[in-house]
Amino acid sequence: MPAVGILARNEEQREALKLVVEELGYEAVCALDASEALGLLSSRQLQLVLVAQTPEEKTAEGILSGIRREAPLLPVLVALSEHEAARALELMKAGVFEVIVPPWTSDRLGPCLSKAMRFKGTAIEAIRPADRPQAMVLAAIVFLV
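The rules behind the values
All residue numbers refer to position in the chain's written sequence, counted from 1. Under the rules for a predicted model, residues below a pLDDT of 70 receive no local features and side-chain atom pairs below 80 are neither given nor counted, while totals for whole chains, interfaces and linings still include all residues. Just so you know, side-chain values use all the structure's heavy atoms and leave hydrogens and water out. At least two bridges found by DSSP between two strands is the condition for calling them paired. Secondary structure elements are defined from DSSP: runs of H or I of at least 4 residues count as helices, runs of E of at least 2 residues count as strands, and each element is numbered from the N terminus. As a rule, the C-alpha atoms of each element are fitted with a line to give its axis, helices using only the stretch in contact, and angles between N-to-C directions run from 0 to 180 degrees. Note on contacts: a residue pair is in contact if any heavy atoms of the two residues lie within 4.5 Å. Of the two site types, the cavity is a set of points on a 1 Å grid over the protein atoms alone where a 1.4 Å probe fits but cannot get out, and the pocket is an open set with protein on both sides within 12 Å along at least five of seven lines, each lined by residues with an atom within 4 Å of a point. Grid points are joined across faces, edges and corners, and a volume is the space filled by probe spheres set on the points. Basically, the charged four are Asp, Glu, Lys and Arg, the nonpolar ten are Ala, Val, Leu, Ile, Met, Phe, Trp, Tyr, Cys and Pro, and anything else, Gly included, counts as polar. Patch definition: residues with relative accessible area over 30% and no salt bridge; like charges joined within 9 Å; nonpolar side chains (Val, Leu, Ile, Met, Phe, Trp, Tyr) joined within 5 Å. Computed with the Shrake-Rupley method and a 1.4 Å probe, the accessible areas treat only the protein chains shown as cover for residues. Any Lys or Arg side-chain nitrogen found within 4 Å of a carboxyl oxygen on Asp or Glu counts as a salt bridge. We treat Lys and Arg as the positive residues and Asp and Glu as the negative residues; His and chain ends play no part in the count. Charge positions come from single atoms, namely NZ of Lys, CZ of Arg, CG of Asp or CD of Glu. The classification of residues rests on relative accessible area computed with a 1.4 Å probe and restricted to protein chains. Under 20% of the type maximum is buried, over 50% is exposed, and intermediate values are partly exposed. Oblique is the label for any angle not under 35 degrees, not over 145, and not in the 65 to 115 range, which are roughly parallel, roughly antiparallel and roughly perpendicular in turn. Left-handed describes a crossing in which the near helix is turned anticlockwise from the far one by less than a right angle; the clockwise case is right-handed.

Asks: Which residues make up the sheet that holds strand E2 (residues 27-31), and what values go with them?
Replies: What the five strands build is an open sheet, ordered E2-E1-E3-E4-E5; its pairing is parallel. Looking at strand neighbours, the two that pair on one side only are E2 and strand E5 (98-100), the edges of this open sheet. Put simply, the sheet's adjacent strands are angled 25 degrees from each other on average, direction ignored. Note that strand E1 (residues 3-8) and E2 share five bridges and pair parallel. By the bridge assignment, Ala 3 is partnered in E2 with Glu 27. In the packing of helix H5 (residues 106-118) onto the sheet, the strands contacted are E1, strand E3 (46-53), strand E4 (76-80) and E5, and the crossing angle to E3 comes to about 140 degrees.

Rendered as structure tokens:
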């Protein structure tokens, strides 16, 4: 069962998100602050981190750098307590995978969580350069004709 780390200072938000995450079939592991959430990265195999905050808080930005250091491809989702488009854009620019706005129901969180669970990062592949002698011979033949 995939584990989802939930970081929320507000107990009501934490319980609401935990209930929805467990309803969707994931294991919810809760943390109260950023240091506790970063501790979960080393002790548990988390598939993603879900941060609940108000638009005024900077919790997500604070934890992003630590997560990028420990697990660079771990998706971080932010659940804002209010609709705030400008703040959501700031979070996305900072590197958040997705921003979720209320109501936090299984119908709204389900697609976001499943998309984040499928995220594997960007694949990098080395491409062997073309052999130079063949390219030079081809160019010489074209100029002679």
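Asks: How would you summarise the layout of surface pockets if you had to cite specific residues and measurements?
Replies: Reported here for the largest pocket is a volume of approximately 240 Å³. For the largest pocket, the lining is made up of 14 residues, of which Gln 45, Leu 46, Gln 47, Ala 71 and Leu 74 are closest to its centre. Those elements that place two or more of their residues in the lining of the largest pocket are E3 and H5. Among the residues forming the lining of the largest pocket, the class breakdown is nine nonpolar, two polar and three charged.

Asks: Help me get a handle on a negative patch on the surface, residues and values and all.
Replies: A surface patch of negative charge is lined by Glu 11, Glu 12, Glu 15 and Glu 22. Take Glu 12: it is sitting in helix H1 (residues 11-23). A relative accessible area of 67% places Glu 12 in the exposed class.

Asks: Help me get a handle on the side chain of Gln 13, residues and values and all.
Replies: Tracing the backbone through its elements, the reader meets Gln 13 in helix H1. Here Gln 13 is in contact with Ala 52, Gln 53, Ser 81 and Trp 104, once residues within four sequence places are set aside.

Asks: Describe the pattern of salt bridges, and please don't skip the residues or the numbers.
Replies: Any two side chains of opposite charge can pair if their charged atoms end up close together. Enumeration according to the criterion identifies five salt bridges in this entry. Between Glu 57 and Arg 9 there is a salt bridge, with the nearest N and O atoms lying 3.9 Å from each other. Separated by 48 residues along the polypeptide, Glu 57 in the loop between E3 and helix H3 (59-70) and Arg 9 in the loop between E1 and H1 bring together distant segments of the chain. Between Arg 44 and Glu 27 there is a salt bridge, with the nearest N and O atoms lying 2.5 Å from each other. Note that Arg 44 is positioned in the loop between helix H2 (34-43) and E3 and Glu 27 in strand E2, a separation of 17 residues in sequence. Take Arg 44: its relative accessible area is 30%, and that puts it in the partly exposed class. Each of the salt bridges in this network shares a partner with another, and the network as a whole consists of Glu 61, Arg 87 and Glu 90.

Asks: For the packing of H2 against H3, give the residues involved together with the corresponding values.
Replies: Relative orientation of the contacting elements H2 and H3 amounts to 15 degrees, with a least axis distance of 10 Å. Regarding the angle of H2 to H3, the classification is roughly parallel. You can see that H2 and H3 cross each other, and the crossing is right-handed. Listed contacts from H3 to Ala 34, Ala 37, Leu 38 and Leu 41 of H2 are Ile 63, Gly 66, Ile 67 and Glu 70. Split by residue class, the contact of H2 with H3 holds six nonpolar, one polar and one charged.

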